[in-house]
Structure formats: structure tokens, C-alpha cells
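# Notes for the structure review
Residues per chain are reported as follows:
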Amino acid sequence: MKYVVLVSHGTFAPGLHSVLKMLAGGNRTDVLSASMEDGMGADAFVERFETAIAPVKEGDEILLLADIIGGSPLTNALDVLSQKGMLNRTTAFGGMNLPMALTAAMMKDVLDGESLYTALLQESQNAIQKMELNIGDEEEETEI
């Protein structure tokens, strides 16, 4: 099985996990999350992460999505995966957002390797845009 594992500071990863349940199906066992909340030490996060990835078995793959490259949640998660011999079956990304996570959850079993990784990055990057608001100079009058 291929798992999407979300890690973050604060409650970003569990919040994103909740949104994925809404958009990609609520009973998915292939999306897991763990977060390092305010005041939580690395040891407590590691324990939380190990509990989250308990369903991952020998031969399973992991798409690890993190909020920040180099952040404590990602570096601690990678340390745990390395200690468990899972690093060679893991592909990690930083800067996760909803389009990236949704693409990972929906396309992980359809696309493989570089095609999947390219799709994740493209969806993530395409989602970041400045929204142009057309306000106009004059306020529109509404009839009642």
C-alpha cells in the first residue's frame, strides 16, 4: 500500500487530514497525520508520529508531506523512518498545501514515480496565485 503521511507544526497536518476526509473520502486508511503542537518536545512528537505510522508495513511506500523543509516535524519524521528502515520507501516533500495533499491522496495509486512527484509539485505551485479583484471605480447600485 502507498500511504500519504502529513506532518506539521501546530494543527496544520490534522486539519489538512480532516479536509482530505471531506474531499477524498472519510474512511481512507491510507492517509495518516501527526503534528508537533505548541510546547511539545521532539520526544513527544516522535511518539505521536510512531503511533500514526503504525499501520505501515514492510513493502509499503510513504509519501511524506511536511509544512516546512528542515522543520522539526519533518526532520524527526525522517529520523524515525530511517531508524525503522523505511527511508528507502519514502519520498518527502516540503511546503505542503491542500492541492498537493489532495493530488497525493487521489493519484498515488494511478501515477508512479516521477509522474506522481511532478503532478504533486505542479498542483501545489499552480494553486498559489494572486487573485485579481475587479472592484471598479464606482459602486454598483442594487435595486430593491
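Let us look at the structure shown here. (Residues numbered from 1 in each chain as written. Predicted model: local features only at pLDDT ≥ 70, side-chain atom pairs only at ≥ 80, totals over all residues. Heavy atoms only, no water.)

The next subject is the side chain of Asp30. Locating Asp30 in the fold gives a position in the loop between helix H1 (12–24) and strand E2 (31–36). A polar contact is formed between the side chain of Asp30 and the side chain of Arg28, at a distance of 2.8 Å. A distance of 2.9 Å separates the side chain of Asp30 from the side chain of Lys108, its partner in a polar contact. With near-sequence residues (within four places) excluded, Asp30 lies in contact with Met1, Lys2, Tyr3, Val4 and Lys108. (Helix = DSSP H or I, 4+ residues; strand = E, 2+ residues; numbered from the N terminus. Polar contact = N/O pair within 3.5 Å; in protein donor to acceptor, adjacent residues only side chain to side chain. Contact = heavy atoms within 4.5 Å.)

Vacant regions in the atomic arrangement are exposed by a probe of water-molecule size rolled over the atoms. Taken as a whole and assessed by the stated rule, the structure comprises one cavity of 30 Å³ or more. Space inside the largest cavity adds up to approximately 30 Å³. Lining the largest cavity, in full, are His17, Leu20, Lys21, Gly25, Arg28 and Val31. The element contributing the most residues to the lining of the largest cavity is H1, with three residues. Residues belonging to the lining of the largest cavity are distributed by class as follows: two nonpolar, two polar and two charged. (1 Å grid on protein atoms, 1.4 Å probe; cavity = no way out; pocket = protein on both sides within 12 Å on 5 of 7 lines; lining within 4 Å. Points joined across faces, edges and corners; volume = space filled by probe spheres on them. Nonpolar A, V, L, I, M, F, W, Y, C, P; charged D, E, K, R; others polar.)

Their axes nearest at 10 Å, the elements H1 and helix H4 (residues 98–107) cross at an angle of 55°. Of the possible angle classes, the one that applies to H1 and H4 is oblique. Crossing handedness for the pair H1 and H4: right-handed. Between H1, through Leu16, Val19, Leu20, Leu23 and Ala24, and H4, the contact on the second element is made entirely by Leu98, Ala101, Leu102, Ala105 and Met106. Class assignment of the residues belonging to the contact of H1 with H4 gives a composition of 10 nonpolar, no polar and no charged. (Axes fitted to C-alpha atoms, helices over the stretch in contact; angles between N-to-C directions. Parallel < 35°, antiparallel > 145°, perpendicular 65-115°, else oblique. Left-handed = near helix turned anticlockwise from the far one by under 90°.)

With that settled, consider the packing of aromatic side chains. Tallied over the entire structure, the rule returns two aromatic pairs. Centre to centre, the rings of Phe45 and Phe49 are 6.1 Å apart; their planes meet at 25°, and the pair counts as stacked. Within this pair, Phe45 and its partner Phe49 are both found in helix H2 (residues 42–52), separated by four residues, close to a single helical turn. For the pair formed by Phe45 and Phe49, the shared burial category is buried. Ring geometry for Phe93 against Tyr117: centres 5.9 Å apart, planes inclined by 55°, an arrangement best described as tilted. Of this pair, Phe93 sits in strand E4 (residues 90–93) while Tyr117 is found in helix H5 (residues 113–126), placing the two residues 24 residues apart along the sequence. As far as the burial class goes, Phe93 and Tyr117 line up, both buried. (Phe/Tyr/Trp six-rings, centres within 6.5 Å; stacked < 30°, edge-to-face > 60°. Buried < 20%, exposed > 50% of the residue type's maximum accessible area, 1.4 Å probe, protein only.)

Spatially, the four strands line up as an open sheet ordered E2-E1-E3-E4, and their pairing is parallel. One side of each edge strand has no neighbouring strand; the edge strands of this open sheet are E2 and E4. Neighbour to neighbour, the strand axes of the sheet diverge by 20° on average, direction disregarded. Across the sheet, H2 lies against strand E1 (2–9), E2 and strand E3 (61–66), angled at about 170° from E2, the strand it touches most. (Pairing = 2+ DSSP bridges.)

Moving on: the side chain of Asn97. Here Asn97 is to be found in the loop between E4 and H4. At 3.1 Å, the side chain of Asn97 and the side chain of Ser124 are in polar contact.

With that out of the way, let us pick up the pairing of E1. With respect to burial, E1 is a largely interior element, seven of its eight residues being buried. Relative to E3, E1 runs parallel, the two sharing six bridges. Residue pairing for E3: Tyr3 is matched across the bridge by Ile62. Summarising the sheet, E1 and E2 pair through six bridges and their orientation is parallel. Note on E2: the bridge partner recorded for Val4 is Val31. Note on the crossover from E1 through H1 to E2: the handedness is right-handed. (Right-handed = clockwise from strand over helix to strand, strands pointing away.)

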